[in-house]
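Given next are the chains, with one letter for each unit.
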Amino acid sequence: MIELQHVTKLYPASPRPALDDVTTEIDKGEFVFLIGSSGSGKSTFLRLLLKEDDPTRGTITVNGKTLNGMSKWQVPKLRRTMGCVFQDFRLLRNRTVAENVAFALEVINKPHRTIKRVVPEVLEMVGLDGKANRLPHELSGGEQQRVAIARAFVNRPLVLLADEPTGNLDPETSEGIMLLLERINRTGTTVIMATHDYHIVDSMRRRVIELNGGQITRDQSRGVYGVGR
Amino acid sequence: MRVNFVLSEVATGLRRNLTMTVAMILTTAISLGLMGTGLLIAGMISDMKEIYYDKVQVSIFLADDVTDEQRSAIETQLADSPEVATYLYESKEEAYERFRQQFSQQPELVENTPPDALPESFRVELVNPERYEVIAAEFPNGQNGVDQVRDEGDFLDRLFSLLNGARNATIAVAVVQALAALLLISNTIQLAAFNRRNETNIMRLVGASRWYTQLPFILEAALAGLIGAMLAVGGLVLTKVLFVDKTLAGPIKAGIIPPVDWSAIATISPIIAGAGVGLAAVAAYVTLRLYVRL
Ligand SMILES: Nc1ncnc2c1ncn2[C@@H]1O[C@H](COP(=O)(O)OP(=O)(O)O)[C@@H](O)[C@H]1O
Ligand SMILES: [Mg+2]
C-alpha cells in the first residue's frame, strides 16, 4: 500500500540529508509509529507521502501510484485518499466545528446532502456531538485535535497521517486521542503516526519504525519506544 | 462548484485588503479610461479623415479682380484635366455662409468679418491626392485670375499627425498605467493569498483541485478589473457629457470635429471591460503560479 525504495531527501539549505536511503513498506490497515528524536526526519517522511515535497532520490508508491513524476493535477486526487493531522491542529479560527469539518468536503465538491449527513456522523464518532456550533477557541486542546481528526477522517481516507498529534496535549487527553486513532485504524484505515511520546508507544505495542539522522535504525512489529529503556 | 462558497471567499478577500483593493481598482480604472480615450481618439481621427480628405484636397482661391472669362477658363481647364476627379465652385456668399456656420460659437469673429472678405474658390478633389504639385503647376499663383492654390491635404496631414500623436501619447500613458495596475493586482493577490494561507493550506491537504484553490483569487482580481472598467466607462461618459458635448459643441456642430457618439462609447465599453477582466485574471493567475504555493 505504501512503499519507499531508497528514498533520500536533501534540503537545499543543509548538507545532511533529512532522509537517508530509506526503504520500507507499510501494508493496508497497519498502525505504525514513526519515532525518533527531533530532526530525525519524521515530518519529512510524512510530507513526502503527501507529495508536499519530492524525494531527491528513490521512489515512493502510495495506493499503487508512484509519486515520482506524478503530474500536478493528479496530486489532489492522491490527497483525497489521505487524511492528515498535526500537532498544531490547523483549524480555521472563524469557522465552527461543523464548518471546519464540512470545509474539507466542500472544497472537493461533495454534494450538500452528503455533507449534511456525514458531518454529524463523524462528529459523533470523535465524541464532539453537541459541540458542532462552537468555535475552535471555545474548545480544549484535546477537543480541537478531535475536530482535526474528524476533518481528516470525514472523507474516509485509506491512510491517516498524524504528525505528533499529541505533542501539545497532556497524557490523559493524549490517551483519548490514541483511542480514537485506534478506532479509526479498526475501520481498515492505515495509520502512520510520528511521535516521540514513549508512554504512548510503549502502551500500544504496535509496529515501530525508528529514524535516526534520516536513517531507519529499527523496524519492529509490536515494538516499544526505546530498546532496553 | 459551490458558488456561494467561492463568492463569499471573494468578498472576504476584497474586504480584507480594502486599501490595496481600492488602489488596484483605481489604477485599473485610470489605465482603462485612458485606453478608452485612445480608442475614441482613433475613431475620431478616422471619422475626421472621412469628413476632410474626401471633400477637398486642393483649393484654388480666385483673385478679387478675376474676370468672368478667366473664371470660365479655369473651370474648363478643371473639367478637362485628367488629374481632377470632381470640383466644386464656391462663391463669396457661399464661402461667407460656411464661415458663419463654422464659427457660430464666436460671434465677434463673424461680426468683424465683412461678407465679401472671403475669396471665391474652386474646391478640387484629385484622382490621386499626392499629385497636388501637378495641379499647382497648372494654375500658377497670381496669374490668370488665380490668387493662390493651397494643398489642403498638407494642412490635414499636419493636423492628423498632431491627432495621431495625441492618440499615441494617450495609449502610451495607458500602457504605463496598465503596468502599474498589473503590479498592484499581483501584489494584492499575493497579500490575499497570504491572508488566506490557512484556508489554502487545508484545501491543498484535503485534495481540493488547484483550480478550486485558485478560483477565488482569480475571481477577486477579475471583479476588481470589472469594477475598474465600469469606473473607466463612467469616466468616459462624464467626459463626453461635461467636456466634449459642452466645450466642443461649436466645432462639432460646424462639422469641424466629429461628435463622440454614444454608439462609439457603447462599442468600446465591452472592449474595456474585457481588457480589464482579462488582464486582471491573467495577472492573478500568473502571480499564483509564480509566487504562491497552492
Ligand atoms: N523545509 C526545510 N528546509 C531545510 N531543512 C529542513 C526543512 N524541513 C526540515 N529540514 C531539516 O531536515 C531534518 C529533518 O527534519 P524533520 O523531518 O522536520 O524532522 P522531525 O519531524 O523528525 O523533527 C532536520 O535537520 C531539519 O532541520
Ligand atoms: Mg516534525
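Residues numbered from 1 in each chain as written. Chains lettered and ligands numbered in written order. Predicted model: local features only at pLDDT ≥ 70, side-chain atom pairs only at ≥ 80, totals over all residues. Heavy atoms only, no water.

An unreviewed UniProt entry annotates chain B as Cell division protein FtsX of Geodermatophilus saharensis. Per UniProt, chain B carries the Subcellular location (unreviewed entry) text "Cell membrane". (UniProt positions renumbered as here; feature names shortened; annotations may be inferred.)

Per an unreviewed UniProt entry, chain A is named Cell division ATP-binding protein FtsE, and its organism is Geodermatophilus saharensis. You can read under Function (unreviewed entry) in the UniProt record for chain A the words "Part of the ABC transporter FtsEX involved in cellular division. Has ATPase activity."

Residues and elements named next belong to chain A. Near ligand 1 you find Tyr11, Arg16, Ala18, Ser37, Ser38, Gly39, Ser40, Gly41, Lys42, Ser43 and Thr44, and these make up its full shell. Between ligand 1 and Ser43, the relevant distance is 2.7 Å, taken from an oxygen atom to a side-chain nitrogen or oxygen of the residue. Within the side chain of Thr44, an N or O atom sits 2.5 Å from an oxygen atom of ligand 1. Here ligand 1 loses 63% of its free accessible area of 560 Å² to cover by the protein chains. (Near = heavy atom within 4 Å. Polar contact = N/O pair within 3.5 Å; in protein donor to acceptor, adjacent residues only side chain to side chain. Areas by Shrake-Rupley, 256 points an atom, 1.4 Å probe, with all protein chains shown as cover.)

Residue and element names in this part refer to chain B. Read from one edge of the open sheet, 4 strands run β2-β3-β1-β4, paired in antiparallel fashion. The open sheet has two edge strands with one neighbour each: β2 (84-90) and β4 (146-151). The average angle at which neighbouring strand axes cross in this sheet is 20°, direction not considered. Where β2 and strand β3 (residues 121-126) come together, 6 bridges link them in antiparallel fashion. Directly across from Tyr87, in β3, lies its bridge partner Val124. Along the sheet face, helix α4 (residues 92-102) touches β2 and β3 and points at about 90° away from the line of β2. Packing against the sheet, helix α7 (residues 152-195) makes contact with β1 (58-62), β3 and β4, and its axis sits at approximately 35° to β4. (Pairing = 2+ DSSP bridges. Helix = DSSP H or I, 4+ residues; strand = E, 2+ residues; numbered from the N terminus. Axes fitted to C-alpha atoms, helices over the stretch in contact; angles between N-to-C directions. Contact = heavy atoms within 4.5 Å.)

Our focus in this paragraph is the domain arrangement of chain A. All names here are of chain A. The domain architecture assigned to chain A consists of domain 1 (1-81 + 157-224) and domain 2 (92-156). With 15 residues of domain 1 at the contact, the number on the domain 2 side is 12 residues. Note on domain 1 versus domain 2: buried area summed over both sides is about 1,200 Å², and carbon and sulfur give 71% of it. Summed over the three residues of domain 1 that lose the most area to domain 2, namely Arg80, Pro157 and Leu180, the buried surface amounts to 42% of that side. (Domains from an automatic or database assignment. Buried area = accessible area lost by both parts, 1.4 Å probe.)

The subject of this paragraph is unusual backbone geometry. Residue and element names in this part refer to chain A. The phi angle at His6 is positive, at roughly 50°, despite the residue not being glycine. Take His6: it is sitting in strand β1 (residues 2-9). Even without being glycine, Asp21 reaches a positive phi, approximately 55°.

Residue and element names in this part refer to chain A. Relative to the 20 Å expected for 14 residues at 1.5 Å per residue, helix α4 (residues 112-125) spans 20 Å between its end C-alpha atoms, a close match to the ideal helical length. Ile115, Val118, Val119, Val122, Leu123 and Met125 are the residues of α4 that are buried. Close packing links the buried residues of α4 with α3 (97-106), α5 (141-153) and α6 (171-186). Backbone geometry just after α4 places Gly127 at a positive phi near 80°. (Expected span 1.5 Å × (residues − 1). Buried < 20%, exposed > 50% of the residue type's maximum accessible area, 1.4 Å probe, protein only.)

This part covers the nonpolar core. Residue and element names in this part refer to chain A. Counting 42 residues, the largest nonpolar core has Phe33, Val101, Val119, Leu123, Met178 and Leu181 as its most contacted members. Those elements giving two or more residues to this core turn out to be β3 (31-35), α3, α4, α5, β7 (159-163), α6, β8 (190-195) and α7 (198-204). If you count residues domain by domain, this core takes at least three from each of domain 1 (1-81 + 157-224) and domain 2 (92-156). With near-sequence residues (within four places) excluded, Leu123 lies in contact with Val97, Ala98, Val101, Leu128, Asp129, Ala132 and Ala150. Counting 29 residues, the second largest nonpolar core, distinct from the first, contains Ile2, Leu4, Phe45 and Leu46. (Core = buried A, V, L, I, M, F, W, Y, C linked by side-chain atoms within 4.5 Å.)

Let's shift gears to a nonpolar patch on the surface. All names here are of chain B. The grouping of Val282, Tyr285, Val286, Leu290 and Tyr291 at the surface amounts to a nonpolar patch, some 510 Å² of accessible area in total. You can see Tyr285 is positioned in helix α11 (residues 262-291). Residue Tyr285 is classed as partly exposed on the basis of its relative accessible area, which comes to 34%. (Patch = residues over 30% accessible without salt bridge, like charges linked within 9 Å, V, L, I, M, F, W, Y side chains within 5 Å. Salt bridge = Lys/Arg side-chain N within 4 Å of Asp/Glu carboxyl O.)

All names here are of chain A. Of all 5 residues in β7, 5 are buried, a share of seventy percent or more. Looking at chain direction, strand β6 (residues 82-86) and β7 are connected through 5 bridges and run parallel. Across the sheet, residue Val85 finds its bridge partner in β7, namely Ala162. Pairing of β7 with β8, which is carried by 5 bridges, proceeds in the parallel orientation. Bridge pairing links Leu160 to Val191 in β8.

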